[in-house]
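Listed below are the residues making up each chain.
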Amino acid sequence: MKRNKNSNMKFVVVLTLLVVGILAAVVVFSNKQESLPIEIKQIDVTGQPSIGEKDAPVTVVEFGDFKCPSCKAWGEMIYPKLVDDYIETGQVKFSFVNVLFHGKESTLASIAAESVFERSPGLYWNFHQAMFDAQPVENHDGPWITPEKILEIASAFPEIDQTLLKEDMEQEATMENVKIDDDLVKKAGVSMTPAIVINGEMMEDPFDYEAIKTAIEQGYKDTN
Ligand code: CA
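A. Up close: the environment of Glu159. Along the polypeptide, Glu159 turns up in the loop between helix 6 (147-154) and helix 7 (162-170). On a C-alpha basis, the gap between Glu159 and Arg119 in space is 9.9 Å, while along the polypeptide they are 40 residues apart.

Structure (structure tokens):
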């Protein structure tokens, strides 16, 4: 009887150790999995509107939304500095990926922007800027992105064919490209806009220009 109890105890101890061991392995393994996305956030910007040297050592990707007021603010406060300090010097290639967090209006604006990019790539950034300029300062949550409004914005550029842009919006002709963007958003784990990814690393605060500079200069060092 006593012997039996002893071997039962041994069994319990061995079983406990085994369970602890398995749990420890699971924790280590899942920690490893959690740290993976940081390394795989390098964004594939093939087919995305990009500005700067094609082979620039550092890539900066903005995940943005024409309907998002912070994106408008980022474009006014941070983007011009980025252009002067790093894009024009050839250190940074900058790309923009559409985010659809504001629903139908985000989607419509993205379809239109992709259409302009496809048909008149040289005008894309001007149109992009004009869209953000047109975003109302007050009540930006109220509906403002409509096909009529987009055509009005595009009318500032005589080279943009209004009939084709209208057709592209009606037929959602560039939806495939918008979906590619949406997939990138999910893959990169974007949860708010604007999201700024520098050489595969997402910035904690997109408005912290000092941190952006540090990340760019680190990326530049790594590749030189
Ligand atoms: Ca795109």
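B. Local environment of the pattern of salt bridges. Going through the model one piece at a time under the given rule, you end up with seven salt bridges. In this structure, Lys166 and Glu170 form a salt bridge, with 3.2 Å as the shortest nitrogen-oxygen distance. You can see Lys166 and its partner Glu170 sitting in helix 7, four residues apart, about one turn around the helix. Among the residues examined, Glu170 registers a relative accessible area of 55% and is labelled exposed.

C. Structural context of a nonpolar patch on the surface. A surface patch of nonpolar side chains, about 480 Å² in accessible area, is lined by Phe11, Val12, Leu15, Leu18 and Val19. Among the structural elements, Leu15 can be located in helix 1 (residues 2-39). The class of Leu15 is partly exposed, set by a relative accessible area of 42%.

D. Region of interest: the pairing of strand 3 (residues 92-98). Burial analysis of strand 3 places seven of its seven residues in the buried class, the great majority of the element. As paired strands, strand 1 (residues 50-51) and strand 3 are joined by two bridges and run antiparallel to one another. The partner of Ile51 across the bridge, within strand 3, is Phe94. The pairing of strand 2 (residues 58-64) with strand 3 spans seven bridges and is parallel. Each residue of the ladder has a partner; that of Phe63, found in strand 3, is Val97.

What counts as what
Residues numbered from 1 in each chain as written. Predicted model: local features only at pLDDT ≥ 70, side-chain atom pairs only at ≥ 80, totals over all residues. Heavy atoms only, no water. Helix = DSSP H or I, 4+ residues; strand = E, 2+ residues; numbered from the N terminus. Salt bridge = Lys/Arg side-chain N within 4 Å of Asp/Glu carboxyl O. Buried < 20%, exposed > 50% of the residue type's maximum accessible area, 1.4 Å probe, protein only. Patch = residues over 30% accessible without salt bridge, like charges linked within 9 Å, V, L, I, M, F, W, Y side chains within 5 Å. Areas by Shrake-Rupley, 256 points an atom, 1.4 Å probe, with all protein chains shown as cover. Pairing = 2+ DSSP bridges.

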